[in-house]
Amino acid sequence: MGSTNSRIIKSPAVKTIDLSPPSNFQAKIGQYLYEQNDLEKKHQRRWEKYLTKNQPLSSMIHSFKESKFHKGFPQKYRWECWKAVLKTSSNIKDYMSIPMTNDYAHDIYKDLDRTFPEHKYFNKSELGYYGQIALKRILNKFAHKYGKIGYCQGMNFITGFLLMVSGGKEVEVFAFLEAFYIKYTLEDFYTEDMKGLKHFLWIFDKTFESKFCKLYWHFKNEDISEDMWVLKFFLTIFTSTFPIEITVFIWDLILLDGFENIYRVVLAFLKMNQEKILKLSTFELLQFLNSPYQWHLVPQILLKKSRKIRLSRDKRDSFEREYKSMPCPSVEYLEVKKETKSVVSSPKITVQLVTEEPPVLFHKNKVATYNGYRQIINPFIVESTLDKSFSDSGRDDSFNAEDVLNNLVSENDWDNLYIR
Amino acid sequence: MATMECKIVTLGEGRVGKTSLALKYVKNEFHKDEISTVNANYLTKLVQIPQGSVQLNIWDTAGQERFRAIASNYYRQAKGALIVYDITDRKSFDKVVSWIKELKSQAEKNIVIVVAGNKCDMEKERQINRPEALEFCRKMQIRHFDTSAKSGNGVEEMFMELASQIFEANKGELGQSGRNSRRGKITVEKTKHRENSGKKGGCC
């Protein structure tokens, strides 16, 4: 066993733990997230002029003129505005009291260094593990508090995105996430069956057809369904599909004007690229939709075009009715109860979109067990030690890097962790 | 010469290197911290094999199981599947058998499957004995490859083998009507020129 221990401790992941918080400027987060252009700088100065007249931020948001939507919030005040829109309040004590134990810790761990690795804040070679560990705590605490949702790939991007926009304010990000998911009823977006997401995809399909017939039928002719491309846009709310300096503007729009703007943004994006899209065949199109660097988007223009797309309330309601009236092939999904009230007023979802049953093998309890092999220690087990030092000590925001390292090399801990 | 267009899917636990393998092969790129895949990525490469040429359309899928519940099209018309496990992660190897079962029940009958033991540059941290893996694949009658997306070891060979096996398995369909030339089906020319109906060779 001795050799097993030394092997894991030698791994580079353990050697370089650095938990010193970076400054926002250094980490390029918060108001330093990206370089603002002249237009945005001017916009920010105007805001500052208003703010010096002792106008509170919330009234600024309310007086936000519709015609100015495409300008978004100035970067410096963005996080404060977002919080004001959702009226979130955060309490560090409450946050710290949430344990980090959950069934998804392993899945979460696997995604930590694969979330925005190109951004300084999450890049361990530039700034150490600071960003990754904040991300890890939020996701684990969330998975603990909302066991039904747990963790779904894609949540890492949303959380990471918010961490960067907020300037690394972990506690506030957690509160914001909770408020965000509740306000827009996204709880069933991320559950095992992705019921909420299916609903959104279905409505999108209908809206797409009614808006841009030619484009829609090009997609259908090329045999491309929503789950192949737009699923990714919706699931991560654009955070893994658009460059971050565009995503912040889309989020401005969503927060100011409602969640159905996700449809508008996608439709505007398609319309802007219509010429190109119509020339592409199936696989080329799928690749194009997955390559942001080919899009050449300007956020202000995308938002302006998005605002121009009119979604009729009546049509939307009739789509909703149609969705509700569809036969219900699978009863088991009805168990999830909706408790929170929606602001976007999406009705209760009572049917499942896809008539096919999901592959039997992927039901949790039926995952094939193959016991022909001897279990040996898992390299990811090192995580349990980290968890312990963060959550059990009850002071997860003020831990000592040295303690973590000491825990990692303690022989006794390894004995307990060995799986026979 | 006729080009066969085919869809292949990558399968395997999260973080075993599905995206890295595909990227290494298609673009000869390797990123130590590859971004985790949400739903799927799409990559394509034209492969020349002695018998002809094959356009591999790679559907690089996400590891997390819950995506299978919503994206039911993963296996549809797939001609080949690449199951990846991480030689330093026992769990990922134990999952291989369930992926094979899954393919046998969900995918097309003649789907070509190959298994890749990835990260073989990390031999020191190996948890799965090579003979054990080979024996397992021999029983399942599936080709096994040791690969490393980092060094590129075995990657080219594996995709070549996959391409030629797919070619062999589907050459009967080559030259049939191009009318049902949808994704994953056999076409006789590259997709790029599909709108050029005049060029459609091999049509009845």
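Residues numbered from 1 in each chain as written. Chains lettered and ligands numbered in written order. Predicted model: local features only at pLDDT ≥ 70, side-chain atom pairs only at ≥ 80, totals over all residues. Heavy atoms only, no water.

Draft legend 1. How the structure looks around the environment of R126 of chain B. All names here are of chain B. By the element assignment, R126 lies in the loop between β5 (112–118) and α5 (130–140). Sequence separation between R126 and N73 is 53 residues; the distance between their C-alpha atoms is 34 Å. In this structure, R126 is in contact with I87, T88 and D146, ignoring residues within four places of it in sequence. Separated by 2.6 Å, the side chains of R126 and E123 make a polar contact. Within the local environment of R126, its side chain forms a polar contact with the backbone oxygen of I128, the two atoms lying 2.7 Å apart. (Helix = DSSP H or I, 4+ residues; strand = E, 2+ residues; numbered from the N terminus. Contact = heavy atoms within 4.5 Å. Polar contact = N/O pair within 3.5 Å; in protein donor to acceptor, adjacent residues only side chain to side chain.)

Draft legend 2. Representation of the UniProt feature "domain: Rab-GAP TBC" (unreviewed entry) in chain A in the model. In this structure's numbering, the residues bearing the UniProt feature "domain: Rab-GAP TBC" (unreviewed entry) are residues 72–258 of chain A. Secondary structure across residues 72–258 of chain A comprises 64% helix and 0% strand; the distance between its end C-alpha atoms is 14 Å. (UniProt positions renumbered as here; feature names shortened; annotations may be inferred.)

Draft legend 3. Structural detail: the packing of aromatic side chains. A full pass over the atoms with the stated rule returns 53 aromatic pairs over all chains. For the ring pair F25 of chain A and Y32 of chain A, a centre distance of 5.2 Å and an interplane angle of 80 degrees mean the geometry is edge-to-face. Of the residues examined, F25 of chain A reaches a relative accessible area of 59% and is grouped as exposed. Residues F142 of chain A and F174 of chain A carry aromatic rings whose centres are separated by 6.1 Å and whose planes lie at 70 degrees to one another, so their mutual orientation is edge-to-face. In this pair, F142 of chain A is assigned in helix α10 (residues 130–145) and F174 of chain A in helix α12 (residues 170–183), connecting sequence segments 32 residues apart. Here F142 of chain A and F174 of chain A have matching classes, each one buried. Across the ring face of Y25 of chain B, the terminal group of K45 of chain B is positioned such that the distance to the ring centre comes to 4.5 Å. (Phe/Tyr/Trp six-rings, centres within 6.5 Å; stacked < 30°, edge-to-face > 60°. Buried < 20%, exposed > 50% of the residue type's maximum accessible area, 1.4 Å probe, protein only. Lys NZ or Arg CZ within 6 Å of the ring centre and 35° of its normal.)

Draft legend 4. Quick peek at the pattern of salt bridges. Going through the model one piece at a time under the given rule, you end up with 34 salt bridges over all chains. Note that D113 of chain A and K124 of chain A form a salt bridge whose closest N and O atoms lie 3.6 Å from each other. Separated by 11 residues along the polypeptide, D113 of chain A in the loop between α8 (105–112) and α9 (124–127) and K124 of chain A in helix α9 bring together distant segments of the chain. For E123 of chain B, the salt bridge goes to R126 of chain B, with nearest N and O atoms at 2.6 Å. One connected set of salt bridges, linked through shared partners, spans K110 of chain A together with E13, E65 and K95 of chain B. (Salt bridge = Lys/Arg side-chain N within 4 Å of Asp/Glu carboxyl O.)

Draft legend 5. Geometry of the confidence of the model for chain B. Residues and elements named next belong to chain B. Scored by pLDDT, chain B comes out at a mean of 85, with 84% of its residues at no less than 70. Here residues 177–204 scores under 50 on pLDDT; set against residues more than four positions off or in separate chains, the count is 56 contacts. The ipTM for the predicted assembly is 0.84, set against a pTM of 0.79. (pLDDT = per-residue confidence, 0-100.)

Draft legend 6. Examining the side chain of T61 of chain B more closely. All names here are of chain B. Its place among the elements puts T61 in strand β3 (residues 52–61). By relative accessible area, T61 is classed as buried at 1%. At 2.6 Å, the side chain of T61 and the backbone oxygen of T10 are in polar contact. Among all residues touching T61, those that are not within four sequence positions of it are T10, L11, K18, T37, N39, A40, R68 and Y74.

Draft legend 7. Structural view of the layout of surface pockets. By volume, the second largest pocket is sized at about 1,000 Å³. Secondary-structure elements contributing two or more residues to the lining of the second largest pocket are α19 (282–289) of chain A together with α1 (18–27) and β2 (40–49) of chain B. By residue class, the composition of the lining of the second largest pocket is 15 nonpolar, 14 polar and seven charged. Looking at the lining of the second largest pocket, you find at least three residues from each of domain 1 (8–189) and domain 2 (195–325) of chain A. (1 Å grid on protein atoms, 1.4 Å probe; cavity = no way out; pocket = protein on both sides within 12 Å on 5 of 7 lines; lining within 4 Å. Points joined across faces, edges and corners; volume = space filled by probe spheres on them. Nonpolar A, V, L, I, M, F, W, Y, C, P; charged D, E, K, R; others polar. Domains from an automatic or database assignment.)

Draft legend 8. Representation of a positive patch on the surface in the model. Among the surface-exposed residues, K41, K42, R45, R46, K49, K53 and K68 of chain A lie close enough to one another that they form a single positively charged patch. Structurally, K41 of chain A is set in helix α4 (residues 38–51). (Patch = residues over 30% accessible without salt bridge, like charges linked within 9 Å, V, L, I, M, F, W, Y side chains within 5 Å. Areas by Shrake-Rupley, 256 points an atom, 1.4 Å probe, with all protein chains shown as cover. Lys, Arg positive; Asp, Glu negative; His and termini not counted. Charge placed at Lys NZ, Arg CZ, Asp CG, Glu CD.)

Draft legend 9. Main features of α1 of chain B. Residue and element names in this part refer to chain B. Of all 10 residues in α1, nine are buried, a share of seventy percent or more. Taken together, the buried positions of α1 are K18, T19, S20, L21, A22, L23, K24, Y25 and V26. Residues of α1 that are buried make contact with β1 (3–11), β2, β3, β4 (78–86), β5 and α6 (155–170). Just past α1, the residue N28 takes up positive phi, approximately 55 degrees.

Draft legend 10. A look at unusual backbone geometry. Residue and element names in this part refer to chain A. Backbone geometry places F116, a non-glycine residue, at a positive phi of 45 degrees. Position of F116 relative to the elements: it lies in the loop between α8 and α9. Given the relative accessible area of 6%, F116 is considered buried. The backbone of D223 shows a phi angle near 65 degrees, a positive value even though the residue is not glycine. With respect to the helices and strands, the residue D223 is situated in the loop between α14 (213–221) and α15 (226–235). Its relative accessible area of 21% is what places D223 among the partly exposed residues.

Draft legend 11. Quick look at the environment of K101 of chain B. All names here are of chain B. Along the chain, the position of K101 falls in helix α4 (residues 96–106). K101 sits in the partly exposed class, given a relative accessible area of 48%. In the structure, K101 is positioned 64 residues away from Q165 in sequence and 20 Å away in space, judged by C-alpha atoms.

Draft legend 12. Molecular detail of the sheet that holds strand β6 (residues 143–146) of chain B. The strand order β2-β3-β1-β4-β5-β6 (chain B) describes an open sheet built from six strands, whose pairing is mixed. Lying at the two open borders of the sheet, with one neighbouring strand each, are β2 and β6 of chain B. Ignoring strand direction, the axes of neighbouring strands in this sheet form an average angle of 25 degrees. Bridging between β5 of chain B and β6 of chain B involves four bridges; their strand directions are parallel. The residue bridging G117 of chain B from the neighbouring strand is D146 of chain B, located in β6 of chain B. Helix-sheet contacts for α19 of chain A involve β2 and β3 of chain B, and the interaxial angle to β2 of chain B is about 135 degrees. Those strands touched by α1 of chain B are β1, β2, β3, β4 and β5 of chain B, and its axis lies near 40 degrees from that of β2 of chain B. (Pairing = 2+ DSSP bridges. Axes fitted to C-alpha atoms, helices over the stretch in contact; angles between N-to-C directions.)

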